[in-house]
Amino acid sequence: MSGLLFVVSAASGTGKTSLVKALLERVTNLHVSVSHTTRGQRVGELDGVHYHFAQKEDFLKLVEEGGFIEYAEVFGNYYGTAQATVKEQLAKGHDVLLEIDWQGAEQVRKLFPESKQIFILPPSQFDLRQRLSNRGTDSVDVIEHRLSCAVEDMQQYVNFDYVIINDDFNKALHDLEAVITANRLAFLQQANRHRDLIQKLITPVSE
């Protein structure tokens, strides 16, 4: 049995991480692959939970060994998704969700063309600027740079299977959950996951 692979991408500040966190509280048998990163560990973050924090040289060594499904450099730091963990979960029939940027999604698309790819958009550039400012961790120059990059990132929405506008958080969460549910109800998934039940249902009853 093979699980489904979902990819969720968005520009920085769009609310992707909050949506994914809320989704995991509502949907069962959905595993998030914890990414590796070379960026510094922020206050409140746990190694192995939020990210696998790694030194740059160790990260690049894994790249050379083909250990990542995807990896990218973002704002001077590397991020990557371990290949072995994802394939193991899928082989067990578990659905896996990757929360990655569009460059990573593009790499995943080539290796897993059957993956279901979702892009989150903010309701406006003004709203996105406010969200980036409300973080309180970056200077004005950094915020403007991130916004400029975000505009370029959002142009990639055309390459995704689903697009969700995060204007109202609860509605966006409902839409995200609907994508997961709809794909789980697709013919091939249901036929595989309920093979024994379906076989019994369609077998004529002997009189």
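A brief look at the structure comes next. All residue numbers here refer to positions counted from 1 along the written sequence of the relevant chain. For this predicted model, a pLDDT threshold of at least 70 governs which residues receive local features, and a threshold of 80 or more governs which side-chain atom pairs are given and counted, while totals over whole chains, interfaces and linings are taken from all residues. In computing side-chain properties, one takes all heavy atoms of the structure into account and sets aside hydrogens as well as water.

**Comments concerning the pairing of strand β7 (residues 95-99)**
Then, in step 1: In terms of burial, β7 is largely enclosed, as four of its five residues are buried.
Then, in step 2: In this structure, strand β1 (residues 5-10) lies alongside β7, joined through four bridges in parallel fashion. Each residue of the ladder has a partner; that of Leu5, found in β7, is Val96. Burial classes: relative accessible area under 20% of the type maximum marks a residue as buried, over 50% as exposed, and values in between as partly exposed (1.4 Å probe, protein chains only). Helix numbers and strand numbers start at the N terminus; a helix is a DSSP run of H or I with at least 4 residues, a strand a run of E with at least 2. One bridge is not enough; two strands pair if DSSP finds at least two bridges between them.

**Some points on the sheet that holds strand β9 (residues 162-165)**
Then, in step 1: Overall, parallel pairing links the five strands, which are arranged β2-β7-β1-β8-β9 in an open sheet. The outermost strands of the open sheet, each flanked by one partner alone, are β2 (30-32) and β9. Each neighbouring strand pair of the sheet contributes to a mean axis angle of 25°, computed without reference to strand direction.
Then, in step 2: Should any heavy atoms of two residues lie within 4.5 Å, those residues are counted as being in contact. Orientation is described by lines fitted to C-alpha atoms, with helices fitted over the stretch in contact, and by angles between N-to-C directions that extend from 0 to 180 degrees. Taken strand by strand, helix α3 (residues 83-91) contacts β1, β2 and β7, and its axis lies near 150° from that of β7.
Then, in step 3: Each of β1, β7 and β8 (116-121) touches helix α4 (residues 102-111); the most contacted strand, β1, lies at about 155° to it.

**So, the environment of His145**
Then, in step 1: Mapping His145 onto the fold places it in helix α6 (residues 140-154).
Then, in step 2: What makes His145 partly exposed here is its relative accessible area of 44%.
Then, in step 3: Along the chain, His145 and Phe75 lie 70 residues apart, while their C-alpha atoms are 10.0 Å from each other.

**What about the layout of surface pockets?**
Then, in step 1: The rule is simple: put a 1 Å grid over the protein atoms alone, call a set of points where a 1.4 Å probe fits but cannot get out a cavity, call an open set with protein on both sides within 12 Å along at least five of seven lines a pocket, and count a residue as lining if it has an atom within 4 Å of a point. Grid points are joined across faces, edges and corners, and a volume is the space filled by probe spheres set on the points. Approximately 1700 Å³ is the volume found for the largest pocket.
Then, in step 2: Those elements giving two or more residues to the lining of the largest pocket turn out to be α1 (16-26), β5 (68-74), β6 (77-82) and α6.
Then, in step 3: Per-element tally for the lining of the largest pocket: the top contributor is α1, with six residues.
Then, in step 4: In this model, the second largest pocket occupies a volume close to 240 Å³.
Then, in step 5: Around the second largest pocket sit 13 residues that line it, and Gly3, Leu4, Glu114, Lys116 and Gln189 are the ones nearest its centre.
Then, in step 6: Sorting elements by how many residues they give to the lining of the second largest pocket places helix α8 (residues 187-193) first, with three residues.
Then, in step 7: Under the scheme applied, nonpolar residues are Ala, Val, Leu, Ile, Met, Phe, Trp, Tyr, Cys and Pro; charged residues are Asp, Glu, Lys and Arg; polar residues are all the others, including Gly. The residue inventory of the lining of the second largest pocket, partitioned by class, reads six nonpolar, five polar and two charged.

**A short note on the sheet that holds β5**
Then, in step 1: Read across the open sheet, the four strands follow the order β4-β3-β6-β5; overall the sheet is mixed. Either end of the sheet is taken by a strand with one partner, and the two such strands are β4 (52-53) and β5.
Then, in step 2: Strand direction decides the pairing type here: strand β3 (residues 36-37) and β6, joined by two bridges, are antiparallel. Paired with His36 across the bridge in β6 is Gly80.

**A short note on α4**
Then, in step 1: Within the sequence span of α4, burial applies to Trp102, Gly104, Ala105 and Val108. What you see down the axis of α4 is that its buried residues fit within an arc of 150°, all on one side. The outward face of α4, more than 90 degrees from its buried face, is lined by the exposed residues Lys110 and Leu111.
Then, in step 2: Elements that come into contact with the buried residues of α4 comprise β1, β5, β7, β8 and α6.
Then, in step 3: Here a polar contact means two N or O atoms within 3.5 Å. Within protein one must be a hydrogen donor candidate and the other an acceptor candidate, and residues neighboring in sequence count only if both atoms are side-chain atoms. Residue Asp101 occupies the N-cap position of α4, its side-chain oxygen lying 3.2 Å from the main-chain nitrogen of Gln103. Think of it as the arc spanned by the lines of direction from the helix axis to the C-beta atoms.

**Quick word on the pairing of β5**
Then, in step 1: Across six bridges, the pairing between β5 and β6 is antiparallel. Following the sheet pairing, Tyr71 is matched in β6 by Gly80.
Then, in step 2: Counting the residues in the hairpin turn of β5 and β6 gives two residues, including Phe75, whose phi is positive at 50°.

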